[in-house]
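Here are the chains, one letter per residue:
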2 protein chains.
Amino acid sequence: MIPVGCEPSAFDNGRLGRVARTSTLLTQGTAMTDDTAGTALQLRSLIRADGELELSLQRVPIPEPGPEEVVVRIEATPINPSDLGLLFGAADLSTMQLSGSATQPILTARIPDKLIKAMAGRVGQSLPVGNEGAGVVVKAGASAAAQALLGKTVALIGGAMYSQFRCIAANQCLLLPPDATPADGASCFVNPLTALGMVETMRREGHSALVNTAAASNLGQMLNRLCLKDGIALVNIVRKAEQETLLRQQGASLVCNVSSPNFLTELTDALIASGATIAFDAIGGGKLAGQILSCMEVAINRKATEYSRYGSATHKQVYLYGMLDSGPTELNRNFGMAWGMGGWLLFPFLQKIGSSAAQQLRERVAAELKTTFASHYTRTVSLAQALSPEAIAVYGVRATGAKVLINPSLA
Amino acid sequence: MIPVGCEPSAFDNGRLGRVARTSTLLTQGTAMTDDTAGTALQLRSLIRADGELELSLQRVPIPEPGPEEVVVRIEATPINPSDLGLLFGAADLSTMQLSGSATQPILTARIPDKLIKAMAGRVGQSLPVGNEGAGVVVKAGASAAAQALLGKTVALIGGAMYSQFRCIAANQCLLLPPDATPADGASCFVNPLTALGMVETMRREGHSALVNTAAASNLGQMLNRLCLKDGIALVNIVRKAEQETLLRQQGASLVCNVSSPNFLTELTDALIASGATIAFDAIGGGKLAGQILSCMEVAINRKATEYSRYGSATHKQVYLYGMLDSGPTELNRNFGMAWGMGGWLLFPFLQKIGSSAAQQLRERVAAELKTTFASHYTRTVSLAQALSPEAIAVYGVRATGAKVLINPSLA
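In this convention, every chain numbers its residues from 1, walking through the sequence in written order. Whichever chain is written first is A, and whichever ligand is written first is 1; the rest continue in order. This being a predicted model, a pLDDT of at least 70 is required before a residue's local features are given, and a value of 80 or more before pairs of side-chain atoms are given or counted; all residues contribute to the totals for chains, interfaces and linings. Derived side-chain values reflect all non-hydrogen atoms in the structure, with water molecules and hydrogen atoms excluded from consideration.

1. Focus: the interface of chain B and chain A
Next up, step 1: Contacts between chain B and chain A engage 35 residues on the former and 35 residues on the latter.
Next up, step 2: What counts as a salt bridge is simple: a side-chain nitrogen of Lys or Arg found within 4 Å of a carboxyl oxygen of Asp or Glu. Seen at the junction of chain B and chain A, the total is zero salt bridges.
Next up, step 3: The term polar contact refers here to a pair of N or O atoms within 3.5 Å; inside protein, the definition further demands a hydrogen-donor-capable atom paired with an acceptor-capable atom, and it admits residues adjacent in sequence only when both atoms are side-chain atoms. The interface formed by chain B and chain A includes 11 residue pairs in polar contact (both at pLDDT 80 or more).
Next up, step 4: Per element, the largest residue contribution to the side of chain B that touches chain A is seven residues, and it comes from strand β17 (residues 325–331) of chain B.
Next up, step 5: Per-class residue counts for the side of chain B that touches chain A are 15 nonpolar, 15 polar and five charged.
Next up, step 6: Here, a strand pair is defined by DSSP locating no fewer than two bridges between the strands. In this text, helices come from DSSP runs of H or I with a minimum length of four residues, and strands from runs of E with a minimum of two, each type numbered from the N-terminal end. Direction of pairing for strand β17 (residues 325–331) of chain A relative to β17(B): antiparallel, over a ladder of three bridges. Its bridge partner being in β17(B), Thr329(A) is matched across the sheet by Leu331(B). For this analysis, residues touch if any pair of their heavy atoms sits within 4.5 Å. The residue classification treats Ala, Val, Leu, Ile, Met, Phe, Trp, Tyr, Cys and Pro as nonpolar and Asp, Glu, Lys and Arg as charged. All others, Gly included, are polar.

2. What to know about the relation of the copies chain B and chain A
Next up, step 1: For the pair chain B and chain A, the best superposition has an RMSD of 0.1 Å and corresponds to a rotation of 180° with a translation of 0.0 Å parallel to the axis. Considering both components of the superposition, the chain copies are consistent with a two-fold axis.
Next up, step 2: When the interface residues of chain B are mapped onto chain A, 100% of them again fall at the interface, so both copies present the same face. Fitting of the copies onto one another was done by least squares over C-alpha atoms, counting residues only where both copies have pLDDT of at least 70.

3. Focus: helix α10 (residues 288–301) of chain B
Residue and element names in this part refer to chain B.
Next up, step 1: Given a helix with a known number of residues, its expected span is that number minus one, times 1.5 Å. For α10, with 14 residues, the first-to-last C-alpha span of 20 Å sits near the 20 Å given by 1.5 Å per residue.
Next up, step 2: Relative accessibility under 20% of the residue-type maximum defines a buried residue, over 50% an exposed one, and the middle range a partly exposed one, all with a 1.4 Å probe and only protein chains included. Among the 14 residues that make up α10, 11 are buried, leaving the element largely enclosed by the rest of the structure.
Next up, step 3: Among the residues of α10, those classed as buried are Leu288, Ala289, Gly290, Ile292, Leu293, Ser294, Cys295, Met296, Glu297, Ala299 and Ile300.

4. Observations regarding the packing of helix α11 (residues 346–353) of chain B against helix α12 (residues 355–367) of chain B
All names here are of chain B.
Next up, step 1: Comment: axis = line fitted to C-alpha atoms, over the contacting stretch for helices; angle = value between 0 and 180 degrees taken between N-to-C directions. Running from N to C, α11 and α12 cross one another at 120°; their axes reach a closest spacing of 6 Å. Considering their axes alone, α11 and α12 lie oblique with respect to each other. Counting all contacts with α11, which are made through Phe349, Leu350 and Ile353, the residues of α12 involved are Ala357, Ala358 and Leu361. What sets the label is the angle itself: under 35 degrees gives roughly parallel, over 145 gives roughly antiparallel, 65 to 115 gives roughly perpendicular, and the rest give oblique.

5. Re the pairing of strand β1 (residues 39–47) of chain A
Residue and element names in this part refer to chain A.
Next up, step 1: In terms of burial, β1 is a largely internal element, nine of the nine residues being buried.
Next up, step 2: With burial as the criterion, each face of β1 is covered, one bearing Thr39, Leu41, Leu43, Ser45 and Ile47 and the other bearing Ala40, Gln42, Arg44 and Leu46.
Next up, step 3: Note that β1 and strand β2 (residues 52–61) share nine bridges and pair antiparallel. What sits directly across from Leu41, in β2, is Arg59.
Next up, step 4: Taking the residues between adjacent antiparallel strands as the criterion, β1 and β2 are bridged by four residues, where Gly51 takes a positive phi near 90°.
Next up, step 5: Pairing analysis gives two bridges linking β1 to strand β6 (residues 127–128), with the strands arranged antiparallel. For Arg44, the partnering residue across the bridge sits in β6 and is Pro128.

6. What to know about the sheet that holds strand β2 (residues 52–61) of chain B
Across a sheet, strands are paired by hydrogen bonds formed along the backbone, either parallel or antiparallel in direction.
Residue and element names in this part refer to chain B.
Next up, step 1: An order of β4-β5-β2-β1-β6 is seen for the five strands of this open sheet, with the pairing classed as antiparallel. In this open sheet, the two edge strands, each paired with only one partner strand, are β4 (92–100) and β6 (127–128).
Next up, step 2: Each of β1 (39–47), β2, β4 and β6 touches helix α2 (residues 81–88); the most contacted strand, β2, lies at about 100° to it.

7. Topic: unusual backbone geometry
Residue and element names in this part refer to chain B.
Next up, step 1: One non-glycine residue, Ala160, lies in positive phi territory at about 60°.
Next up, step 2: Within the secondary structure, Ala160 is located in the loop between β8 (153–157) and β9 (165–169).
Next up, step 3: Relative accessible area serves as the criterion here: at 13%, Ala160 is assigned to the buried category.
Next up, step 4: You will see that Arg333, though not glycine, has its phi angle at about 50°, which is positive.
Next up, step 5: Looking at where Arg333 falls in the secondary structure, it is placed in the loop between β17 and β18 (339–343).

8. So, the pattern of salt bridges
Next up, step 1: Tallying each qualifying case throughout the model produces 26 salt bridges over all chains.
Next up, step 2: Arg48(A) is the salt-bridge partner of Glu52(A), the closest N and O atoms lying 3.7 Å from each other.
Next up, step 3: Glu52(A) gets classed as partly exposed once you look at its relative accessible area, which sits at 23%.
Next up, step 4: Two residues, Glu75(B) and Arg73(B), come together in a salt bridge whose shortest N-O distance is 2.6 Å.
Next up, step 5: A residue is classified by how much of its surface remains accessible, and Glu75(B), at 8% relative accessible area, is buried.
Next up, step 6: Classification of Arg73(B) by relative accessible area gives buried; the value is 3%.
Next up, step 7: Where salt bridges share partners, they join Lys229(A), Asp230(A), Arg364(A) and Glu368(A) into one cluster.

9. Points about the confidence of the model for chain A
All names here are of chain A.
Next up, step 1: Confidence of the predictor in every single residue is expressed as pLDDT, which spans 0 to 100. Overall, the prediction assigns chain A a mean pLDDT of 88, with 90% of residues at 70 or greater.
Next up, step 2: Scored below 50 in pLDDT, residues 1–33 makes 60 contacts in the model with residues more than four places away or belonging to other chains.
Next up, step 3: Among the prediction metrics, the complex's ipTM stands at 0.80, with pTM recorded as 0.81.

Rendered as structure tokens:
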């Protein structure tokens with residue numbers, strides 16, 4: 001059961017009216033008649049020592065904001081690829097079993113024995129999930145900054161978003177434009193800031209064009225829009241003909257399909273055309289990252305006039321930002337010595353560039369929320385529905401384009 | 001045949017006397033009686049389009065120095081692992097064939113078909129070889145800097161050292177201490193600056209201890225001496241029990257043997273003891289580089305109090321500086337997202353730190369030439385002997401500890 005003030009059926013007549021009423025209800029402190037009074041649902045992921053993953057909806061107290069904090073009723077929170085690791089751990093989803101009640105389902109699955117060791121750091125901890133989301137500020141602390149947000153629609157990041165209510169520092173909220181819904185702002189951070197972060201990394205490390213893999217993903221399409229808008233050459237790597245078509249329809253000129261028999265030649269040509277010497281790879285496993293480095297080296301050497309046994313002096317970089325293929329990464333190292341590979345994560349990147357630079361990126365996201373940085377969802381589900389095997393079959397397979405939005409305020 | 005002035009038999013009575021006489025002879029321009037007058041031998045490596053590698057000794061004119069240049073009679077030049085790539089390309093050394101004369105032998109070998117493509121950049125070019133060496137300045141340009149070196153023993157770097165004479169800018173010579181022979185100074189640059197460069201890279205990238213593989217090599221032993229002297233914790237990775245013994249006898253306390261059944265546990269313990277989060281790997285291929293990252297992550301997480309699905313926030317770095325194993329590098333990526341891997345080369349590193357910092361490193365090498373940075377050789381050979389299958393069986397197999405010195409002034 002969810003708190004009265006959050007019943008969506010009662011508040012379907014426009015954003016501001018709904019917000020005001022809810023806010024009032026909650027700030028007055030409603031006297032509930034059952035033992036769920038003052039509590040709300042939060043999705044939790046727990047891995048037991050015996051290797052069982054358990055996803056459940058726990059009742060937790062609705063938080064009280066401190067002076068500088070606000071409480072946001074989360075109405076839209078996406079299931080990003082970056083959420084799946086915390087959500088499912090290393091569980092084998094073919095072993096899923098559903099139990100519990102319709103409103104508080106429990107989903108279990110087995111972690112394969114050989115993968116349990118890698119999960120040791122989280123065994124026994126009931127962990128909240130959900131990197132980002134958006135909603136309406138329904139309680140605010142005493143400070144002016146917090147009070148100013150009361151009733152406003154904001155986007156937020158910081159984990160535990162698969163919750164009906166989330167308490168957060170007021171200065172961490174991104175105020176959305178007046179015409180934006182929580183669904184518009186739900187994916188305000190991870191994908192938009194990742195796309196901007198890739199371009200920013202490219203610039204800061206001295207490259208002028210870039211490569212992205214899994215390029216037909218929501219993130220990939222967004223990066224394509226961003227690069228088109230900013231006039232940056234982008235080499236899009238996809239694995240299916242329909243993804244190639246999709247990106248070309250969206251204006252991409254350099255699209256390479258790994259399924260093509262001439263993939264390496266086509267990639268080399270695209271690297272020559274673009275001059276790209278940095279790549280962002282969402283796949284991680286297999287040979288692709290190394291192939292990108294090799295083709296970059298071939299592309300660079302097309303212009304070389306002198307032999308160097310150490311390869312070109314031009315630094316070639318691949319960052320792995322995902323692991324759609326969790327198998328080993330294999331590098332054939334036929335790309336000289338001027339190369340680098342590493343992990344790329346949004347939060348350490350934002351920390352590195354500092355709060356002022358990060359704030360500029362955030363402001364650009366807000367300004368282009370419905371254009372460059374728009375996200376599209378396959379379906380919207382409640383917290384309980386998010387634990388159904390049927391929904392997991394959509395969002396758990398990491399299929400390009402199938403993105404699910406949770407609305408925790410749905411019954 | 002080698003020029004008269006360079007016959008070593010005529011000048012075996014002490015450095016300075018020998019130098020003065022040779023210098024005089026050469027600067028006067030000796031009138032030779034055969035068609036080799038004014039020429040000297042230079043080792044060349046040529047890969048033909050049909051996949052044949054040819055090593056030969058070519059007669060080239062003895063260079064005339066420009067005003068700021070000197071000509072050095074090379075008397076000691078090492079065959080470093082870093083020379084083997086240019087020397088042999090991708091040739092299969094089991095196909096070696098010797099022809100030519102005793103003084104100008106020609107050695108041929110086949111490049112396997114599948115590796116010819118990688119050699120395309122150098123096909124048809126007769127390339128001089130030899131990164132570094134030392135010898136006596138026998139001709140000097142008009143400038144004061146050049147004249148000051150006349151008769152002096154200097155060390156130099158810059159390629160083409162497998163030559164009887166090498167012309168070079170005076171300001172690129174490292175003047176050796178008066179009591180140092182060319183053999184003492186032959187390996188002044190590559191190994192000493194690489195060892196110093198690794199420690200400098202460690203410091204500049206924010207690490208406090210380091211790992212080295214192939215740690216019983218000449219370079220590895222030097223790095224061990226350097227770290228002992230500077231009080232830096234070094235994890236030495238070797239592959240044989242006798243190498244472990246050798247390093248321990250030289251004072252190393254952290255030595256891990258990949259052949260041990262408990263290698264990964266022992267490496268993890270050494271990483272905990274040292275706190276090393278950066279490694280330099282000479283192997284390149286196989287799983288070792290990835291295993292080092294994995295063990296670093298385990299070592300770091302021993303102290304972790306909170307689970308992070310992205311792994312520890314501590315950056316872990318492996319630089320590949322050699323390729324003793326030219327097979328693919330395999331990374332299992334069970335070490336979180338805060339990691340990097342890349343190529344590490346001495347010259348780009350020196351360029352990056354700038355000439356003033358590089359000069360400081362060079363001065364330290366000169367000061368500790370016979371202690372920290374002393375090199376040891378298995379044997380000394382002439383240029384012609386360097387092309388014998390028997391010598392190649394020693395230096396071509398990249399066996400730890402078997403280092404060969406060429407003295408091009410030997411008949």
